[in-house]
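Survey of secondary and tertiary structure
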Amino acid sequence: MQLGYVILYVPDVPATIAFYETAFGLKRRFIHESNSYGELETGTTALAFASEEMAAQNGLTVRFHRPKETTAAVEVALVTPDVAAAFQRSVQSGASPVHPPKQKPWGQTVAYVKDLNGVLVELCSPMSA
């Protein structure tokens, strides 16, 4: 087994892709012509977004993310050498700040924001070997 995709169900796939491009500097892989599915380039594992309608079409019952509700117990972690700059860029692009950059006891710098849908995004420095 290997992790191929992380898929988040969102109300507006094109708007979410555009937000991640602006806020986090990720590159669009594609958006399906139906606007119900899209992917970003993130390395080996794709970060993907599917419309909330697709959850129902797939027979799934889920709690959707909402900006004003308590964050779900999941996060998207994006690794960057400059967490402070990434945090600033994301907030200037419309992300909601949760926790500013902080040095962790194990040496990693970590910050948290919420995306436009209320998804928790961790911005972190690479782990030292």
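Attention here is on the structure that accompanies the text. (Residues numbered from 1 in each chain as written. Predicted model: local features only at pLDDT ≥ 70, side-chain atom pairs only at ≥ 80, totals over all residues. Heavy atoms only, no water.)

**Overview of the sheet that holds strand β5 (residues 75–79)**
- Taken in spatial order, the four strands line up as β5-β8-β7-β6 in an open sheet, and their pairing is mixed. The outermost strands of the open sheet, each flanked by one partner alone, are β5 and β6 (96–103). Adjacent strand axes in the sheet meet at a mean angle of 15°, parallel and antiparallel pairs treated alike.
- Contacting β6, β7 (109–114) and β8 (120–124), helix α3 (residues 83–92) crosses the sheet at an angle of about 10° to β7. (Pairing = 2+ DSSP bridges. Helix = DSSP H or I, 4+ residues; strand = E, 2+ residues; numbered from the N terminus. Axes fitted to C-alpha atoms, helices over the stretch in contact; angles between N-to-C directions. Contact = heavy atoms within 4.5 Å.)

**Side note on the side chain of threonine 80**
- Position of threonine 80 among the secondary structure elements: in the loop between β5 and α3.
- Among the polar contacts made by the side chain of threonine 80, one reaches the main-chain amide nitrogen of aspartate 82 at a distance of 3.3 Å.
- In this view, threonine 80 contacts Ala86, Cys124, Ser125 and Pro126; residues no more than four positions away in its chain are not counted. (Polar contact = N/O pair within 3.5 Å; in protein donor to acceptor, adjacent residues only side chain to side chain.)

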